[in-house]
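Listed below, chain by chain, are the residues.
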Amino acid sequence: MTVDQTQMIRPFAFFFLTCALAGCASLHHHDLRFIGAHNISGSLYTKMSHHEPLTVDEIIELWRKGIPGPFIVHYLKPTYYVYKLSGSDVVRLRAAGVDEGVTNYLLATPGLYSPTYAPVWSQDNYNTYDTNPGLAPY
């Protein structure tokens, strides 16, 4: 390869490396092949190939089809979806035998991704009494 060809390839290599490290909007072909080998429903396969959030029923289907818990969490994390599980959702997940790590992740998503559960700073909390009026917060 000549120097000019190498310089032309570098931007493309950088782009693909960045995409691989940052994660793309769709699943990697190895992941798609993995879930396809477990005979999940066509609609769920399509949904997962577009990396869309899953319902509790779909998570249970994945588990029943033999998809391991760490893979399910690996899939769910980059969707940044906030799951607000009811007590009956947790009971259904546990009754189906879904890995405890999956259930714990689902229960943790409001604290991880929801702005309503973000910490409140004193300058953001309008109910806090200002003991030093006119002084900027440190």
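Every value quoted in this text rests on a predicted model; they were computed, and no experiment measured them.

### Comments concerning the overall build of the chain
Line of reasoning, step 1. The helix and strand tally for the chain stands at seven helices and zero strands.
Line of reasoning, step 2. Ordered by position from N to C terminus, the α and β elements of the chain give α-α-α-α-α-α-α.
Line of reasoning, step 3. Taken over 138 residues, the chain has a buried fraction of 28%.
Line of reasoning, step 4. Residue pairs in contact within the chain that sit at least 24 positions apart in sequence constitute 56% of those at least 6 positions apart.
Line of reasoning, step 5. In the structure as shown, the chain presents an accessible area of about 9800 Å², 61% of it carried by carbon and sulfur atoms.

### Brief notes about the nonpolar core
Line of reasoning, step 1. One finds Met 48, Leu 54, Ile 59, Leu 76 and Leu 106 to be the most contacted residues of the largest nonpolar core, which totals 26 residues.
Line of reasoning, step 2. Only helix H2 (29-36), helix H3 (42-49), helix H4 (56-64), helix H5 (69-76), helix H6 (87-95) and helix H7 (100-113) provide two or more residues apiece to this core.
Line of reasoning, step 3. Counting residues per element, this core draws most heavily on H5, at five residues.
Line of reasoning, step 4. Leave out the neighbours within four places in its chain, and Ile 59 touches Leu 54, Ile 72, Leu 76, Tyr 83, Leu 93, Val 102 and Leu 106.

### Observations regarding H4
Line of reasoning, step 1. Every buried residue of H4 is listed here: Val 56, Glu 58, Ile 59, Ile 60 and Leu 62.
Line of reasoning, step 2. Two residues or fewer after H4 comes Gly 66, characterised by a positive phi angle close to 95°.

Cut-offs used in this document
Residues numbered from 1 in each chain as written. Predicted model: local features only at pLDDT ≥ 70, side-chain atom pairs only at ≥ 80, totals over all residues. Heavy atoms only, no water. Helix = DSSP H or I, 4+ residues; strand = E, 2+ residues; numbered from the N terminus. Buried < 20%, exposed > 50% of the residue type's maximum accessible area, 1.4 Å probe, protein only. Contact = heavy atoms within 4.5 Å. Areas by Shrake-Rupley, 256 points an atom, 1.4 Å probe, with all protein chains shown as cover. Core = buried A, V, L, I, M, F, W, Y, C linked by side-chain atoms within 4.5 Å.

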